[in-house]
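So the chains spell out like this:
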Amino acid sequence: MLVRAVALRDYRNIGEADVRFTEGVNLLVGDNAQGKTNLLEGIYLFALGKSFRGAKEAELVRFGADIASLRLNFAAGGREQSATLRFAKGKRAVELNRVKLDRMSELIGAFRAVLFCPEHLSLIKEGPAVRRAYLDIAISQLRPVYLRALQRYNAVLRERNKLLKTADEQPRVFRDTIELWSAQLAEQAAVIAPARREYVEAVQAAAADIFADMTGSRESPTFTYAPGFHLEPDRCADPGAVREQMMRLLTSHLDREKAAGATLWGVHKDDVQISLNGRSARLYGSQGQQRSLALAMKLAEGEICAAQTGERPVFLFDDVLSELDAARRAYLTREFAGRQVIMTTCERAVFPDEANVIGVREGSYMQ
Ligand code: ATP
Ligand code: MG
């Protein structure tokens, strides 16, 4: 996977830019608020189908302009490809290799990238939502079926929660429909949980070695899928067992769920337990260990993607190297060999000499 070029018009603070990238390390260097992250966000839009900063599409359009457009030229699957996005007020157009797509999410999986930004450094110490997001983003790029199940699960969960909240006002509606929603939730969970469990196993295999190499430490990390519906992680490999367990929980505690006004069990409560020598890394790991583990998880995401697709994804690093100590930086610099990396920084000095340097100023890119 290689990004060849990105062309942007009226996107964020960029009026018009055509930026070309080389294999290896590409460095976007510039002062604060010049458009470094904007460019990475633009590239990652094609992998994620939305802004990684959680921005609404309207916010991506340059102030005062009507339409933002982006074109990505990339090499994947042994051929040159292109994708375009256009956002106007309330409307959007998506194309892949000149074929119109109906939804942004249909784009996911064509261009694959791994993003690493400062927020990811707290992957270990934050609550479970960030770890679920890590799994979802990684697995969705590999399996369209997973993404569809996740979208349905979230939609069904919203409906089911609404029903639980209004159960007292509308007891008949509740009685007539709750089981239907529960069954649909269980159905999608039976796709999501096995995929997450399998992915966490792959993370275990890849990240443990990366962590050991990076830190030279003898402490070994373990990553375990922790389902949010009281089932042994190993049994989560079986969709039938997941469905059955979900149905059991979602039918036998309705009073508790009504009182809470929310669905109490399901993959929306999943987590990944991460430990070092058997102790929770979240509770006992040092800040440095937690950062190394987070970095190892992100690099593992790249390795798993390469192993499953036969192609290395593009690495996008937003401002992270300056947050890392010299040893981890040196490790990363070695790891970058043979990969395409696009990264941003305010200080040129901290990076490898052989990088392709692109200066960034007020939404212009000098190369
Ligand atoms: P830092 O080093 O601080 O992270 P950066 O170079 O990564 O800086 P960006 O986040 O890429 O900075 O760009 C921020 C600039 O883009 C801000 O000045 C912001 O006001 C501007 N900006 C964001 N959205 C829009 C928009 N829709 N239209 C015009 N300008 C925008
Ligand atoms: Mg930035």
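Participant: I'd like a rundown of the overall build of the protein, residues and numbers included.
Facilitator: A count of helices and strands for the protein gives 10 helices and 15 strands. What you see for the protein is a C-alpha radius of gyration of 22 Å, in line with the 21 Å of a compact globule of 367 residues. Once the C-alpha set of the protein is aligned to its principal axes, its extents read approximately 65 × 55 × 35 Å. Taking all 367 residues of the protein together, the buried fraction comes to 53%. Of the contacts made within the protein by residues no fewer than 6 positions apart, 70% connect residues no fewer than 24 positions apart. A total of about 17,100 Å² of accessible surface is found on the protein, and carbon and sulfur atoms cover 47% of it. Looking at charge distribution, the protein has the averaged site of its 51 positive side-chain charges lying 3 Å from that of its 47 negative ones.

Participant: Just give me the short version of the packing of aromatic side chains, but keep the residues and values in it.
Facilitator: For the structure shown, the criterion picks out six aromatic pairs. Their ring planes at 70° and their centres at 6.4 Å tell us that Tyr134 and Tyr199 sit as a pair that is edge-to-face. One end of the pair, Tyr134, is in helix α3 (residues 128–142); the other, Tyr199, is in helix α5 (residues 171–215), with 65 residues separating them in the sequence. Arranged with centres 5.3 Å apart and planes meeting at 80°, the rings of Phe317 and Phe336 form a pair that is edge-to-face. Within this pair, whereas Phe317 is found in strand β12 (residues 314–318), its partner Phe336 is found in the loop between α10 (326–335) and β13 (341–345), the two being separated by 19 residues in sequence. Here Phe317 matches Phe336 in class, with each residue buried. Taken together, the ring pairs connect Phe116, Phe315, Phe317 and Phe336 into an aromatic cluster.

What counts as what
- Residues numbered from 1 in each chain as written.
- Chains lettered and ligands numbered in written order.
- Predicted model: local features only at pLDDT ≥ 70, side-chain atom pairs only at ≥ 80, totals over all residues.
- Heavy atoms only, no water.
- Helix = DSSP H or I, 4+ residues; strand = E, 2+ residues; numbered from the N terminus.
- Rg over C-alpha atoms; globule rule 2.2 N^0.38 Å.
- Buried < 20%, exposed > 50% of the residue type's maximum accessible area, 1.4 Å probe, protein only.
- Contact = heavy atoms within 4.5 Å.
- Areas by Shrake-Rupley, 256 points an atom, 1.4 Å probe, with all protein chains shown as cover.
- Lys, Arg positive; Asp, Glu negative; His and termini not counted.
- Charge placed at Lys NZ, Arg CZ, Asp CG, Glu CD.
- Phe/Tyr/Trp six-rings, centres within 6.5 Å; stacked < 30°, edge-to-face > 60°.

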